[in-house]
Amino acid sequence: MSRELESINICSFIIHGMISIRLLSIPRAIVEYAENDSWISVLIMGGYALLIGYLFYWLGLRYKSLTFSQICEKVYGKFFGKIIILGIAIYTIISFSLGIRLFTDGIRIFLLDTTPIIFIITIMILACLYCLLKGVRTISIILDMLLPLILAFILLLVFLSLKNVKFIHLRPFFYGGVKPILQGAREMADPFLTVGIIGYVLPYFKNFKKMKKWIAISVSISVAVYTIILLLCIMAFGSTEIKYLIFPTITLSKSIMLESNILERAESLYMAAWIPITFSTLLLFYLASTLNLKAFFNTKKDRVIIFSQVPLFLVLALYPDNISEVFYLIGWNEDLGQLLIFLIVPLTAMIEFFKERRKNLK
Amino acid sequence: MILDKLKNIFGIKNKEQKIDDIVSAKVIAISKSLHKNKNSLEKIFSKSDDLIYRKIYLENSNTSLLLVCIDGMVERDLIADHILTPLQLEDNKGDITINLEKIKEKLITTLEVEISKGFQQLTRSLLSGNTLLFIEGYKQALMIGTTGWEARSIESPASEETIGGSREGFIESIKTNISLIRKRIKTPKLAVELLEVGRKTRTNIALVYLKGVINHELVGEVRNRIEEIDTDGIVGSSQIEQLIENHKWSIFPQIMSTERVDKTVGSILEGRITIIVDGTPFVLIAPVTFATFLNSPDDYYERSITSSAMRVVRYISYVLTTTLPALYLALTAYHPGMIPTPLVLTITESRMGLPFPTIVEVLIMEFTLEILTEASIRLPRPIGQAVSIVGGLVIGQAAVQAGIVSPLIIIVVSLTALTSFVIPVYSFTLSNRLIRFPLIIMGGLAGLYGIFMGWIFILIHLASIESFGVRYLGDFSPYKLEHLKDTIIKVPQGWMTQRPEILNVEDTKKQDIEKARMIVDE
């Protein structure tokens, strides 16, 4: 592993990880529970994501040349370590496959209604494969190049949507108490778990100066994006209508009517803007999955691991029959993600903390 | 004779036959006899009728000399005034002795005189335009600097015109080119390392850089790569470029080639290395990044706000020249809903009755454009211009009237051509012209998705390549404010206090910010 990255590079890794294709559908998932208080759920989970981010960083600092999966093996021992790594492998591979499938369904709805799914999926997998083969420094440059464009697109969406919002849709606050808000927050665990990319890329960093600051800034930007998009969706449609929308965020852009008549249908353009967003998130899942599998098989053969995952991704992405099935499987995978974010990561940090304390006492 | 025939049958060559190369000249030693020396040279330079042998006999000192030079490569007046005349005048003084040391130290009045003991060195010297002087009875010879051949005068660089910049461009002579740089950078820290490449051509190459500023590892790397070149000959600097660059199969240039002296001087001052190749006016600059190819020397002669605006125009033009035809294709074929209704109606109306699908139309017109561009370059300037006009206006108009393509395609292709000329570096323009075609195909296959994915593939490639250890997209990652000062925009001169960090220079400070501020305050 060559240490080529500077601490500021962590920003694009985190933001690209956290702002994913799920941003298109997540408003519906949270609103199911938290209704018009969903934005509070995002803020709560955002705070927790920051904590998790710091835990990954803290663990990474203790084992500077190891990825989170390798750290798990050190902390839990070989047997339990491998079980956790297997869990991470299932989570990352399924997340990649279902992420690409969800995106493909979106593309077919808004951009290419007759193009075969396999064609769309294969091109995306090939792009991720090509980028991964070029190494982490290349990935970092790509993420840095795409980030300003992506944020600019999101900002444009926000500004154009402002005309359609009605503050009345946000009321009443805390209508159902704390429980629905916390249930909604749980839905955010899956997209925010990608903050865990910190645990996989830290070994590639040559300096850690101001790293904490960059982690805080990146998590805050991502949380702000989710919160604002959710607020806009709720204010534009009201919580009841959102429940019936497959991709509320895209529908939000659909509601934008440009008076100047420059663009007839903005939603197609926004769907196109999600292409780089999806690519970057999938790329990070692929990277984490590769590094995780390398730890599982205890091998240094990058290429074998990278290529061997391709058929798996393809089969799993083509497995669901329709978009409802995709959401069902995503829900199942989310449970695994929640197990990782709420149990495994804090537990690993706690064990390591007590191990360290015991060593200091001795 | 019989022995020679036998040797030929078994592939054994005579010793004389082996002397066909400078390296082989090493085996011959200088003789005390002028006749033998002449014979040796005649063998080395067999069938070289442009060699001049001038035998001189100095009567009073009873000394025989042999002067050898190559016609056209020497300055004849220099030989007459500084070699022949002083020798004759000295001889006319009466009964004196003339020896090798005396000729070298006192009689010959040119700047460069050296003693050589071997024919290898003599041959190289002669081929470089020097004159050889053999003296009867000496196993040594003199190599006298008399180089002087016809050279083009310094002119304005034809391929890189600017409005505000210097009018001096490099020429084919390495010495003149070095002097053009020295004239502008008057410091002993300006290093000029001379190398020789090509077994047959023995082309002189100069590495020019600023000591104490440049990353010395970069100098070592460039020197090593040039020294490793093992080829018969070098005709132009682009050959050196291709032999030493990192990614041979990439369509993007990784070394900048320029005719401009100001651009080269600016690059040296930034901490880059320049490679000057004898016989070509194109000087190589390394390392370079993507952003450097979109910078024009004019940016530094104009005010920062206007320069920045022009740079933004260049970046937008870059996107348009590579993507516009693909975008037109994607929008009309896959996403007509994104285009305003009146425009869709106009496009549909213009396409009525056309025989080909949009992708074929786009490819036909793009291909025609490439033919026109290529033809106008090859033809003499006045005819070239005529061909462009004929091609652009007449063929375009005729194609529309004949019902082969729609008028909108002509607009799209013309705009693509126009924006391609905004890119300041020709080799970079070529790569952009090439990536237009895969993007058209991607746009034709999968609309906007195809274009976006095509660009992602191009970006990955750009992000992965490097020029002498510097990443091609290194200006944009990691995020640093300092990087932005001279990339997409150009900040005022006083703000550019540091040399580009990505070059890993030894001396990062370009100018004193405090002093710059004081000047502003005053």
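Since this is a predicted model, take the numbers as computed values, not measurements. (Residues numbered from 1 in each chain as written. Chains lettered and ligands numbered in written order. Predicted model: local features only at pLDDT ≥ 70, side-chain atom pairs only at ≥ 80, totals over all residues.)

Draft legend 1. Just the pairing of strand β4 (residues 131-135) of chain B, in detail. Residue and element names in this part refer to chain B. Across the five residues that make up β4, a large majority, five, are buried. Burial of β4 is two-sided: the residues T131, L133 and I135 facing one way and the residues L132 and F134 facing the other way are all buried. Relative to β4, strand β2 (residues 63-70) runs antiparallel, the two sharing four bridges. Pairing of L67 across the sheet is with L133, part of β4. Here β4 pairs with strand β5 (residues 141-144) via four bridges, running antiparallel. Bridge pairing in β5 links T131 to I144. If you look at the hairpin formed by β4 and β5, you'll find five residues sitting between the two strands, and G137 has a positive phi there, around 95°. (Buried ≥ 20, exposed ≤ 12 C-beta atoms within 10 Å, placed from the backbone. Helix = DSSP H or I, 4+ residues; strand = E, 2+ residues; numbered from the N terminus. Pairing = 2+ DSSP bridges.)

Draft legend 2. A look at helix α10 (residues 261-270) of chain B. Residues and elements named next belong to chain B. Residues of α10 that are buried include every one of V261, D262, K263, T264, S267 and I268, and no others. Where α10 is buried, its residues meet α7 (174-182), β7 (203-210), β8 (256-258), β9 (273-277) and β10 (283-286). Two residues or fewer past α10, G271 is found with a positive phi of approximately 110°. (Contact = placed C-beta atoms within 7 Å.)

Draft legend 3. Geometry of the UniProt feature "transmembrane region" (unreviewed entry) in chain B. Here the UniProt feature "transmembrane region" (unreviewed entry) sits at residues 273-294, 315-334, 408-427 and 439-463 of chain B. Spanning residues 315-334 of chain B, this segment combines 95% helix with 0% strand, and its end C-alpha atoms are found 26 Å apart. (UniProt positions renumbered as here; feature names shortened; annotations may be inferred.)

Draft legend 4. Fine view of the nonpolar core. Ranked by size, the top nonpolar core spans 206 residues in total, and within it I14(A), M124(A), C128(A), V195(A), I198(A), L283(A) and Y449(B) carry the most contacts. Beyond its immediate stretch of four places on either side in the chain, I14(A) contacts G53(A), V195(A), I197(A), I198(A), I215(A), S218(A), V219(A) and S222(A). In this structure, I44(B), V74(B), F119(B) and I135(B) belong to the second largest nonpolar core, which totals 26 residues. (Core = buried A, V, L, I, M, F, W, Y, C linked by C-beta atoms within 7 Å.)

Draft legend 5. Inspection of unusual backbone geometry at higher detail. Residue and element names in this part refer to chain B. Omega for the peptide link from A286 to P287 comes to -10°, which places this bond in the cis form. Examined against the element boundaries, P287 turns out to sit in the loop between β10 and α11 (304-333). The amide bond that connects S477 to the next residue, P478, takes the cis arrangement and shows omega of -5°. Along the chain, P478 falls in the loop between β12 (470-471) and α17 (481-484). A positive phi angle is found at K47, which is not glycine, with a value near 60°. Looking at the secondary structure, you find K47 in the loop between α3 (34-44) and β1 (51-58). Judged by the 5 C-beta atoms lying within 10 Å of it, K47 falls in the exposed class.

Draft legend 6. Molecular detail of the confidence of the model for chain B. Residue and element names in this part refer to chain B. Summarising the model, chain B shows a mean pLDDT of 87, and 91% of its residues fall at 70 or more. Low confidence marks residues 13-20, where pLDDT is under 50. Its contacts with residues over four positions away, or in another chain, come to ten contacts. Reported confidence for the predicted complex is 0.92 by ipTM and 0.88 by pTM. (pLDDT = per-residue confidence, 0-100.)

Draft legend 7. Examining the sheet that holds β4(B) more closely. Residue and element names in this part refer to chain B. Pairing is antiparallel across the open sheet formed by five strands, whose spatial order is β1-β2-β4-β5-β3. Two strands bound the open sheet, and with one partner strand each, they are β1 and β3 (113-116). Adjacent strand axes in the sheet meet at a mean angle of 25°, parallel and antiparallel pairs treated alike. The sheet contact formed by β3 and β5 spans four bridges and is antiparallel. (Axes fitted to C-alpha atoms, helices over the stretch in contact; angles between N-to-C directions.)

Draft legend 8. Representation of the sheet that holds strand β6 (residues 190-197) of chain B within the structure. Residue and element names in this part refer to chain B. The five strands are arranged β6-β7-β9-β10-β8 in an open sheet whose pairing can be described as antiparallel. Both outer strands of the open sheet, β6 and β8, are each paired with one neighbouring strand and no more. Adjacent strand axes in the sheet meet at a mean angle of 25°, parallel and antiparallel pairs treated alike. Packed onto the sheet, α10 meets β7, β8, β9 and β10 and runs at close to 55° relative to β7.

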